[in-house]
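# Survey of secondary and tertiary structure
Each chain, letter by letter, is given below.
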Protein chains: 2
Amino acid sequence: MSGVLHVLLHMAERDEPVTSEALAKAMDTNPVVIRRVMAGLRDQGYVRSEKGHGGGWTLARDLADVSLRDIYEALGEPSLLAIGNRTEKPGCLVEQAVNAALTRAFDDAEALLLSRLADVTLAQLSADFHKRLIGRGKGHRLEVAHAK
Amino acid sequence: MSGVLHVLLHMAERDEPVTSEALAKAMDTNPVVIRRVMAGLRDQGYVRSEKGHGGGWTLARDLADVSLRDIYEALGEPSLLAIGNRTEKPGCLVEQAVNAALTRAFDDAEALLLSRLADVTLAQLSADFHKRLIGRGKGHRLEVAHAK
DNA sequence: TTTCATGTAACTATTGATATTACATGAATG
DNA sequence: CATTCATGTAATATCAATAGTTACATGAAA
C-alpha cells in the first residue's frame, strides 16, 4: 500500500513512462515484483503499460479521481487487521461469545480505516508533497530522491 | 488474542486449576505454547500457576475488573494493523507525504479499536456466554465443547 | 521417592510474503 | 528485419515470523 502510493506519486511527476526497473531500484526491490503489483492496478484501469523502447508505466486517471481506498481495493483488499478470530464458525459457545465481541470491535475499526482512506485522494497527497517541496533542494526526481 | 480470551473464560467456568495439557488439547495446540502465553499473563497478575498434583492455571482477578484491552496489553501489545509504512523516516518527500496521510488513518483506526477493547470486560463476555447457554445442551465443559 | 505439573531454553517446522530466474510476447530502432 | 528494450507470467527460491516440539530442570503433592 505505502509503496504503491509512493510509486504512483512519483509517476505523476513524470511525463514519460517509467520502467519497472527504475521503480524497482527506487523501491529497493525487484522489477518483477513491480510488474506484479502494477498489473493489478492496470486491470482496474488506474495505470497503463507499454512494451518496447520508451515503454513503461503511466497513470491512466486524474489524481483527483482516485482515493486511497480505490487503490486499496485495486490491490485486492488485503486484510487490514493483524489479528482475527481463532476459528470462524465455532461450535463452542464460549468461543462464539468471544468472537462476537471481537468481531464488533474489529469491524468498527476496519470501517473507520476504510472511510479515512476513502477521504484522501492521490491529488491531496500530491499537493502535500509539493508543499513539502518548497524550501527544499530539487531532490524530488525519482532517481535522485532514492539514490542508493 | 481470540485464543487467550477463550481460555480465560473456560477457566472461569472451573473451580479447580486447569492444566496446560487440557487447555492445549482444547485449543488444538501444544502445552508449551499455552505455558508461554500464560506466563505473560501471570507476570501481569491475571492468572496464577501451581506446580505438582492438582496444579495448573487459575484466574487471579475478578472477571469484571479485566477488559479486553488489559489482556491485549498483557500479551505485549502486538501490532493490530496488518499494513504499515514502508519506511519509518523517509528522506523522500513523496514518501513523507504518503506516510503522513496513512499514519493519520492508521492511528485513528487503532485508537478506535483499543477503545472498543477497553469497553468490554471479561465479565461481559462471560455473561454473553451464559446467555447463549440457555436453550442448549450442557456442552460447555472444556473437554466436551472441544471434543475432537 | 515417584508422579504430576509448570518453567524455560534450544531447536525444528510451517507458512506467507517477497524475491529471483527463466522464458515468452510485442514494440520501437537502426 | 534483426536487435534491443520493455512488459507478462509461470515456476522456483529465499526469508522472516509464528507456531510447534524436544529436552531437561524445578517444585509440589501423593
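Residues numbered from 1 in each chain as written. Chains lettered and ligands numbered in written order. Predicted model: local features only at pLDDT ≥ 70, side-chain atom pairs only at ≥ 80, totals over all residues. Heavy atoms only, no water.

## Some words on the protein's contact with DNA strand C
- Looking at DNA strand C, there are 23 residues lining it, with Thr29 and Arg36 of chain A together with Ser20, Arg35 and Arg42 of chain B nearest.
- For DNA strand C, the fraction of atoms within 4 Å of the protein that belong to sugar or phosphate moieties is 65%.
- A distance of 3.0 Å separates a phosphate oxygen of DNA strand C from a polar atom in the side chain of asparagine 30 of chain A.
- At a separation of 3.3 Å, a sugar or linking oxygen of DNA strand C approaches a polar side-chain atom of histidine 53 of chain B.
- Listed by contribution, the elements that provide at least two residues to the surface near DNA strand C are helix H3 (31-43) of chain A together with helix H3 (31-43), strand E1 (47-50) and strand E2 (56-59) of chain B.
- Sort the elements by how many residues they give to the surface near DNA strand C and H3 of chain B lands first, with 4 residues.
- Residue composition of the surface near DNA strand C, by class: 5 nonpolar, 11 polar and 7 charged. (Near = heavy atom within 4 Å. Polar contact = N/O pair within 3.5 Å; in protein donor to acceptor, adjacent residues only side chain to side chain. Helix = DSSP H or I, 4+ residues; strand = E, 2+ residues; numbered from the N terminus. Nonpolar A, V, L, I, M, F, W, Y, C, P; charged D, E, K, R; others polar.)

## Concerning the relation of the copies chain B and chain A
- Once turned by 180 degrees and shifted 0.0 Å along the axis, chain B lies on chain A with an RMSD of 0.1 Å. The relationship between the two copies is best expressed as a two-fold rotation axis.
- When the interface residues of chain B are mapped onto chain A, 100% of them again fall at the interface, so both copies present the same face. (Least-squares fit on C-alpha atoms with pLDDT ≥ 70 in both. Contact = heavy atoms within 4.5 Å.)

## Let's talk about the protein's contact with DNA strand D
- Taken together, the neighbourhood of DNA strand D is formed by 23 residues, with Ser20, Arg35 and Arg42 of chain A together with Thr29 and Arg36 of chain B sitting nearest.
- One of the backbone N or O atoms of glycine 52 of chain A is found 3.4 Å from a sugar or linking oxygen in DNA strand D.
- A distance of 3.4 Å separates a phosphate oxygen of DNA strand D from a polar atom in the side chain of tryptophan 57 of chain A.
- Contributing elements (two or more residues each) for the surface near DNA strand D: H3, strand E1 (47-50) and strand E2 (56-59) of chain A together with H3 of chain B.

## Describing the packing of helix H1 (residues 2-12) of chain B against helix H6 (residues 122-133) of chain B
Residue and element names in this part refer to chain B.
- At a closest axis distance of 10 Å, the pairing of H1 and H6 adopts a crossing angle of 70 degrees. On the basis of their axis angle, the class for H1 and H6 is roughly perpendicular. Contact residues: H1 offers Leu5, Leu8 and Leu9, while H6 offers Leu122, Leu125 and Ser126.
- A breakdown of the residues in the contact of H1 with H6 according to their chemical character gives 5 nonpolar, 1 polar and no charged. (Axes fitted to C-alpha atoms, helices over the stretch in contact; angles between N-to-C directions. Parallel < 35°, antiparallel > 145°, perpendicular 65-115°, else oblique.)

## A few points about the interface of chain B and chain A
- At the interface, 47 residues of chain B touch 47 residues of chain A.
- Carbon and sulfur atoms make up 73% of the surface buried where chain B meets chain A, a total of about 4100 Å² over both sides.
- Of all residues in chain B, Arg86, Leu93 and Val94 of chain B bury the most surface against chain A, accounting for 16% of the area lost on that side.
- For the pair chain B and chain A, the interface holds 2 salt bridges.
- Listed by contribution, the elements that provide at least two residues to the side of chain B that touches chain A are H1, helix H2 (20-27), helix H5 (93-119) and H6 of chain B.
- Top element by residues in the side of chain B that touches chain A is H5 of chain B. It accounts for 18 residues.
- Classifying every residue of the side of chain B that touches chain A by side-chain character gives 29 nonpolar, 11 polar and 7 charged. (Buried area = accessible area lost by both parts, 1.4 Å probe. Salt bridge = Lys/Arg side-chain N within 4 Å of Asp/Glu carboxyl O.)

## Points about unusual backbone geometry
Residue and element names in this part refer to chain A.
- A positive phi angle, close to 60 degrees, is found at aspartate 28, a residue other than glycine.
- Tracing the backbone through its elements, the reader meets aspartate 28 in the loop between helix H2 (20-27) and H3.
- On the basis of relative accessibility, which here comes to 71%, the residue aspartate 28 falls in the exposed class. (Buried < 20%, exposed > 50% of the residue type's maximum accessible area, 1.4 Å probe, protein only.)

## Concerning the pairing of E2 of chain B
All names here are of chain B.
- In this sheet, E2 lies alongside E1 in antiparallel orientation, the contact comprising 4 bridges. Each residue of the ladder has a partner; that of serine 49, found in E2, is tryptophan 57.
- The hairpin formed by E1 and E2 contains 5 residues between the paired strands, and glycine 52 there has a positive phi angle of roughly 75 degrees. (Pairing = 2+ DSSP bridges.)

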